[in-house]
Amino acid sequence: MAKKSKNLVRLEYGAARIAFLVLGALPRKIAVSLSIGIMRALPFFIRELRHTGMTNLAIAFPEKSLVERSRILKGSFENLGRVLGELSQFHKYSRENLADILDLNLDAEAQSVYEQNEREKRGVLVVTGHLGNWELSVFGFSALYKPMSFFARPLDNPKLDAFLNGIRSRYGNTPINKKNAALAGSKILRDGGILGILSDVNVQPKEGVFVPFFGMASSTTSGPATIALRSNSLIYPIFCVWAQSERKYKLVHGALLEPVNTGNRKQDIIDTTAAFTAEIEKIIRTYPDQWMWIHKRWKTRPPGERDVYDRDKRS
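All values derive from a computational prediction rather than experimental measurement. (Residues numbered from 1 in each chain as written. Predicted model: local features only at pLDDT ≥ 70, side-chain atom pairs only at ≥ 80, totals over all residues. Heavy atoms only, no water.)

(A) Quick peek at the environment of Arg50. As for its placement among the helices and strands, Arg50 is situated in helix H3 (residues 47-60). What Arg50 contacts, discounting residues up to four positions off in sequence, is Pro43, Ser70 and Leu73. (Helix = DSSP H or I, 4+ residues; strand = E, 2+ residues; numbered from the N terminus. Contact = heavy atoms within 4.5 Å.)

Next comes the structure, spelled out in structure tokens:
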């Protein structure tokens, strides 16, 4: 990727700061509603986003009608707007008033995992994804429980990257550059820390392994499995979803996983990755309108397979 000019970096940064300044000055409900409205309109201006989203939904839910898939995609854009709107309000959230919008009360299993982490100092690798409000989950956990480390792929605009990480780290979270992921992540977990990583995006073949996701092979990051094996850490899929009936965000989680460790490292990484990916899929199926369907999750294909996003080749 070509390095951006200083002028472009400044322009992007300035535009983002103005947007955050305007949204951040508004009352929360208005800021979130405005952001949702903007995101609802996005596919009308960038048609490719709708094509990607509908292609993904056809892969994931072949049994659903076009109307049902369109409804899910509309909800997905609304969710992105909700994430943006809430992010603009983070500077207003204290430990006390976060409870007004975020229910982080742990259920019995999650509480047990948390207490085990505190007692035994065994690391917990939180695998999550672009479902619900992933920004609020990390921010809220650090405010209400304890700071955590998280992997963050640096943005190609260093000013924006520093700005966002400053917001995310207000209550002590530590961003880790993915380029230094393996060593830094393993040390944090061996020391009994909690480490979060977004594990639901497409990666290049050298960065991942192919495992099933909604019935199709998907190139998935092998980093979480590799780090969990090195540090003997628990793997816990956790998401922060919007509960419309309660008008709050709440934590939901999949099954607590042990990394597969048979001694065959290559196969263990594949099997561990497949296990947490299956848990992520289960949660997405429960909240399909809160996942980011506009990401080309199946872009990287096994050798010989066609590009599923090619309009001319997609049946």
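(B) Spotlight on the packing of helix H2 (residues 28-45) against H3. For the pair H2 and H3, the least separation of the axes is 4 Å and the interaxial angle reads 95°. Relative to H3, H2 is oriented roughly perpendicular. Residues Leu42, Pro43, Phe44 and Phe45 of H2 form the contact with H3, whose participating residues are Arg47, Leu49 and Arg50. Of the residues that constitute the contact of H2 with H3, the class distribution is 5 nonpolar, no polar and 2 charged. (Axes fitted to C-alpha atoms, helices over the stretch in contact; angles between N-to-C directions. Parallel < 35°, antiparallel > 145°, perpendicular 65-115°, else oblique. Nonpolar A, V, L, I, M, F, W, Y, C, P; charged D, E, K, R; others polar.)

(C) View of helix H5 (residues 108-120). Between the first and last C-alpha of H5 there are 18 Å, a value that for 13 residues agrees with the 18 Å anticipated at 1.5 Å per step. All of the buried residues along H5 are Ala110, Val113, Tyr114, Gln116 and Asn117. Along the axis of H5, the buried residues cluster in a sector spanning 160°; they form a single face. Structural note: H5 exposes Ala108 and Arg119 on the side pointing more than 90 degrees away from its buried face. Looking at the packing, one finds that the buried side of H5 touches strand E2 (124-128), helix H6 (134-144), strand E5 (194-198), strand E8 (234-243) and strand E9 (248-253). Its side-chain oxygen at 3.2 Å from the backbone nitrogen of Glu109, Asp107 defines the N-terminal cap of H5. In the stretch just after H5, Lys121 is the one whose phi turns positive, near 55°. (Expected span 1.5 Å × (residues − 1). Buried < 20%, exposed > 50% of the residue type's maximum accessible area, 1.4 Å probe, protein only. Arc of directions from axis to C-beta. Polar contact = N/O pair within 3.5 Å; in protein donor to acceptor, adjacent residues only side chain to side chain.)

(D) A look at the sheet that holds strand E1 (residues 102-103). Across the sheet, which stays open at both edges, the 7 strands sit in the order E1-E9-E8-E2-E5-E3-E4 with mixed pairing between neighbours. Every interior strand has two partners, whereas the edge strands, E1 and strand E4 (174-177), have only one. As judged from the 2 bridges shared by strand E3 (residues 149-152) and E5, these two strands associate in the parallel manner. For Phe150, the partnering residue across the bridge sits in E5 and is Gly196. (Pairing = 2+ DSSP bridges.)

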